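Residue-level structure breakdown
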Amino acid sequence: MVERRSRSSISGWIGVACLILIGVSSPGAVAAEKRSDPVRMVVLDPLAKELACACVQGHGQRDYRKLAARLEKAVQKRMAIEFSDDLVETLSGVKPDSEVIVIGDRALVADAGRRTPVNFRPVCELTDREGRSSARGLFVVRRDDPARSLADLGGRTIFLAPRKEDARYAAARATLSAANLQSSISWEDRPEGNQAALDVMDSTASPLPVALISDYALPLLEGCGTLRKGDLRVVGQTAESPFITVYLSSSLAGETGQKILRSLLDLRSDPKLLRLMESRDGFRPVEAESAPEAPRADAGRPAGSVETGWPDWRGPRRDGRVARLPERLPGTAKIVWKKGAMPGGLAGLSVLDGRVLVAERDFADTRDVYRCLHADTGELLWRREFQASGRLDFGQSPRASPVLHEDRAYLLGAFGGLRCVKMADGSVLWERHLPNDFRGALPTWGWTATPLLVDDLLIVNPGAEKASVVALELATGATRWASPGSPSAYAAFICGEFGGRRQVIGYDRVSLGGWDVKTGERLWRLVPEKEGDFNVPTPVPVANGIVVTSENNGTRLYRFDSSGRIVPKPAGEYADLAPDTSSPVVSGGRLIGVHQGVHCLDLGQGLRRVWRWDDDALGDYATVVADDDRALVITIGGELVLLKTTADHAEVLSRLPVFKDDSEVYSHPALVGERLFLRGGSQVVCLDLGGA
């Protein structure tokens, strides 16, 4: 064993630097060891027992050596474990084709991974004892500090470490911006995370400073005796961000990588190791966009270069956001493949594990059709049809995006037929019918809201008197709960923690509401000032609140009280952004929406307009995908427009026309890495946006 230690014993925002190289060899791996080099397993989890302290029972004592032994059995190769806080230094001398597993904070690994010789892809994430795979930033103050909430932090200095560039710093900025505090806050780096907390304790400044630490760190600081319990108080928290994630190097894209992934995902069946890993549900597949600059790699179902991806309406989190958009668009459309499609398609495209699902109608216009295409080639993998007769305004094609999860797809047609099918071949596992099973009335434009997957539930909105919103069991389709209420609206539902309470948020025909995830109890109801909204755009979660937009009431920012109920008076309003169908996105503390132009609004200043961009290419509808600096607008005519969102004026970075005919793009596209899957008119195309 080779060991190097320095600095503190607590990682992440609490600081660590120890490197331990341990060869874990099971008997079955000895022969394999002689034939090949070991797989390097670099652990940067601040809750690994080698990187934390043993002062808090059951917290910070994850046993990765036991996990390595499990993986050795699975792949019959030796695992060489390294515990580190500096991925760049640890991998500085490795070859690009080395077999490496990295386990650590997703934001930090993604950032450091770009500066190593090895390319990585995220494959799964570790849950904690509560089943969460995310972490929050906590704003903490000294016991004697008069501050009681975020509103009291104006004019303060915030200490944080080790870096300002990670996801939780961005989340902290967004939280303060939403509270109208960002302009009055200053930031100071500390060399180590625990130093931020200790410097707050020792400060004599006026006003007193604030520390930003991770939610997992406070119990360690108190348990190790660094601080007494209660020395620090939490006055605010950021939104959740992904935490411990497993990355595999590109050289592990084949059989060995598949065995590693299967072994990790099967951890849930090993109670003893779950306990040693301080996890409730083990590892879950990553169902989000690839890490920045991560190579496209074979995800195993089927073989191909497009991995994980865009499995739901507006992406994996229903927010239209990706880790990174290209800095510029190519000069001409680089079409990877193109396939014919039935005109009039409305449902968004969904992509997962190298498969693209397309929803449309048959030639007779009496049946819903679902096609599964190979993401790399467009090759047809399977096709399924389901009877769905009737007539609707704007055609009969399904509106809801297919929802893809693990090895299943959940498909909702405009006439209420809901089916769970196998991703492998489209065979039906279970089915329900919203009007027949719940006596919901067919909405004017059909059932439009994409079903919401939450935990082991699928949330749908039949709109029946005794079953306005319903939760179904993912595995069987059986009804878990049904909440009475009003007829259906059209917007997709979202789920999150608002006002400290986890809830489903969405519309019925006349109001916005929140429902308890576990019981279906309706928590609150908000009726807008003006009647007649169609309630189509998806609500957008922001720090400490939510943004909604509609054609009669414009765009509004709402806060929540401590009980999880919405505060009826808007915290911000902007009347000119009033779309009837387009959903806005968040980019770097700003809201980007389309309605008679593109509007950029400052979330930290009550939706104050920063700029507006008008162009002949913008019609009545457009979709938007964003990162923290840019927004990609897909016009109804099929032109891509890349805008800079952080500028003080409208700045077009580049434009790319895709469809040269009169194709209309109503279907929401899917963006996976640098591949854009786009449907317009009578075709579906895959575009490569890289290389510009």
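Residues numbered from 1 in each chain as written. Predicted model: local features only at pLDDT ≥ 70, side-chain atom pairs only at ≥ 80, totals over all residues. Heavy atoms only, no water.

In this section: the sheet that holds strand S37 (residues 585-587). Across the sheet, which stays open at both edges, the four strands sit in the order S37-S38-S39-S40 with antiparallel pairing between neighbours. The open sheet has two edge strands with one neighbour each: S37 and strand S40 (608-613). Across the sheet, the mean angle separating the axes of adjacent strands is 25° when strand polarity is ignored. In the sheet, strand S39 (residues 598-602) pairs with S40 via five bridges, with the strands oriented antiparallel. Bridge pairing in S40 places histidine 599 opposite arginine 612. (Pairing = 2+ DSSP bridges. Helix = DSSP H or I, 4+ residues; strand = E, 2+ residues; numbered from the N terminus. Axes fitted to C-alpha atoms, helices over the stretch in contact; angles between N-to-C directions.)

So, on to the side chain of glutamine 396. Following the sequence through the fold, glutamine 396 ends up in the loop between strand S20 (380-387) and strand S21 (403-405). Within polar-contact distance, the side chain of glutamine 396 engages the backbone nitrogen of leucine 392 at 2.8 Å. (Polar contact = N/O pair within 3.5 Å; in protein donor to acceptor, adjacent residues only side chain to side chain.)

The next thing to look at is the pattern of salt bridges. Under the defined criterion, the tally for this structure stands at 48 salt bridges. Salt-bridge contacts for aspartate 63 lead to lysine 66; the nearest nitrogen and oxygen are separated by 3.7 Å. With a shortest N-O distance of 4.0 Å, glutamate 130 and arginine 132 are connected by a salt bridge. Take arginine 132: its relative accessible area is 25%, and that puts it in the partly exposed class. (Salt bridge = Lys/Arg side-chain N within 4 Å of Asp/Glu carboxyl O. Buried < 20%, exposed > 50% of the residue type's maximum accessible area, 1.4 Å probe, protein only.)

Take the nonpolar core next. The biggest cluster of nonpolar side chains holds 39 residues, and the ones touching the most others in it are Met41, Tyr64, Leu67, Ile101, Val246 and Phe283. Considering every element that reaches this core, the biggest residue donor is helix H2 (residues 64-75), with five residues. (Core = buried A, V, L, I, M, F, W, Y, C linked by side-chain atoms within 4.5 Å.)

The buried fraction of strand S4 (residues 79-83) amounts to five of the five residues, a majority that puts the element mostly inside the structure. Of the two faces of S4, the one holding Met79, Ile81 and Phe83 and the one holding Ala80 and Glu82 are both buried throughout. Where strand S3 (residues 39-43) and S4 come together, five bridges link them in parallel fashion. Residue valine 42 lies in a different strand from S4, and its bridge partner there is glutamate 82. Each parallel crossover has a hand, and the one from S3 via H2 to S4 is right-handed. (Right-handed = clockwise from strand over helix to strand, strands pointing away.)

What follows is about the pairing of strand S23 (residues 417-422). Most of S23 is tucked away, with five of its six residues classed as buried. Alignment of strand S22 (residues 408-412) against S23, held across five bridges, turns out to be antiparallel. Looking at the pairing, leucine 412 lines up with leucine 418 of S23. The loop that links S22 with its antiparallel partner S23 comprises four residues; one of these, glycine 416, has a positive phi angle of about 95°. In this structure, S23 lies alongside strand S24 (residues 428-433), joined through five bridges in antiparallel fashion. Note that in S24 the partner of cysteine 420 across the bridge is tryptophan 430. Between S23 and S24, which pair antiparallel and follow one another directly, the connecting turn spans five residues, one of which, glycine 426, has a positive phi of 80°.

Quick look at the confidence of the model for the protein now. Per-residue pLDDT for the protein averages 86, and the proportion of residues at 70 or more is 90%. The model gives residues 1-35 a pLDDT under 50, and that stretch makes 111 contacts with residues more than four places away or in other chains. Low pLDDT, under 50, characterises residues 288-307; the predicted model gives this stretch 77 contacts beyond four residues in sequence or across chains. (pLDDT = per-residue confidence, 0-100. Contact = heavy atoms within 4.5 Å.)

Right, let's talk about the packing of aromatic side chains for a bit. One pass over the structure, following the stated rule, counts eleven aromatic pairs. A ring pair is formed by tyrosine 370 and phenylalanine 386, whose centres lie 6.2 Å apart and whose planes are at 55°; its orientation type is tilted. With tyrosine 370 in strand S19 (residues 367-374) and phenylalanine 386 in strand S20, this residue pair connects regions lying 16 residues apart in the sequence. Comparing tyrosine 370 with phenylalanine 386, the two get one shared label, buried. With a centroid separation of 6.1 Å and an interplanar angle of 45°, the aromatic rings of tyrosine 410 and tryptophan 430 are classed as tilted. Remark: tryptophan 430 occurs in strand S24 and tyrosine 410 occurs in strand S22; sequence separation between them is 20 residues. Taken individually, tyrosine 410 and tryptophan 430 each receive the classification buried, so the pair is uniform in this respect. Feature note: the residues Phe394, Trp445, Tyr490 and Phe534 constitute an aromatic cluster, connected by ring pairs. The aromatic ring of phenylalanine 159 is capped on one face by arginine 190, whose charged end is 3.7 Å from the ring centroid. (Phe/Tyr/Trp six-rings, centres within 6.5 Å; stacked < 30°, edge-to-face > 60°. Lys NZ or Arg CZ within 6 Å of the ring centre and 35° of its normal.)

Spatially, S17-S18-S19-S20 is the arrangement adopted by the four strands of the open sheet, whose pairing is antiparallel. Here the strands that pair on one side only, and so sit at the sheet edges, are strand S17 (350-352) and S20. Each adjacent strand pair in this sheet contributes to an overall mean axis angle of 20°, direction not counted.

Now for the packing of H2 against helix H8 (residues 255-265). Look at H2 against H8: their axes get within 9 Å of each other, and the N-to-C directions meet at 135°. By the angle class used here, H2 and H8 are oblique. The crossing of H2 and H8 is right-handed. Packed against H2, whose contacting residues are Leu67, Arg70, Leu71, Ala74 and Val75, the element H8 presents Thr256, Lys259, Ile260, Ser263 and Leu264 at the interface. Of the residues belonging to the contact of H2 with H8, the class tally is six nonpolar, two polar and two charged. (Parallel < 35°, antiparallel > 145°, perpendicular 65-115°, else oblique. Left-handed = near helix turned anticlockwise from the far one by under 90°. Nonpolar A, V, L, I, M, F, W, Y, C, P; charged D, E, K, R; others polar.)

Moving on to the environment of glutamate 385. When you line up the elements, glutamate 385 lands in strand S20. On a C-alpha basis, the gap between glutamate 385 and alanine 359 in space is 10.0 Å, while along the polypeptide they are 26 residues apart. When residues no more than four places from it in sequence are discounted, the contact partners of glutamate 385 are Arg367, Asp368 and Val369. A polar atom in the side chain of glutamate 385 sits 2.4 Å from the side chain of arginine 383.

Below, the discussion takes up the side chain of arginine 361. Tracing the sequence through the fold places arginine 361 in strand S18 (residues 355-361). In terms of polar contacts, arginine 361 uses its side chain to reach the side chain of aspartate 368, at 2.8 Å. When sequence neighbours within four positions are dropped, the list of residues in contact with arginine 361 reads Met342, Thr366, Arg367, Asp368, Val369, Ala388, Gln396, Ser397, Pro398 and Phe415.

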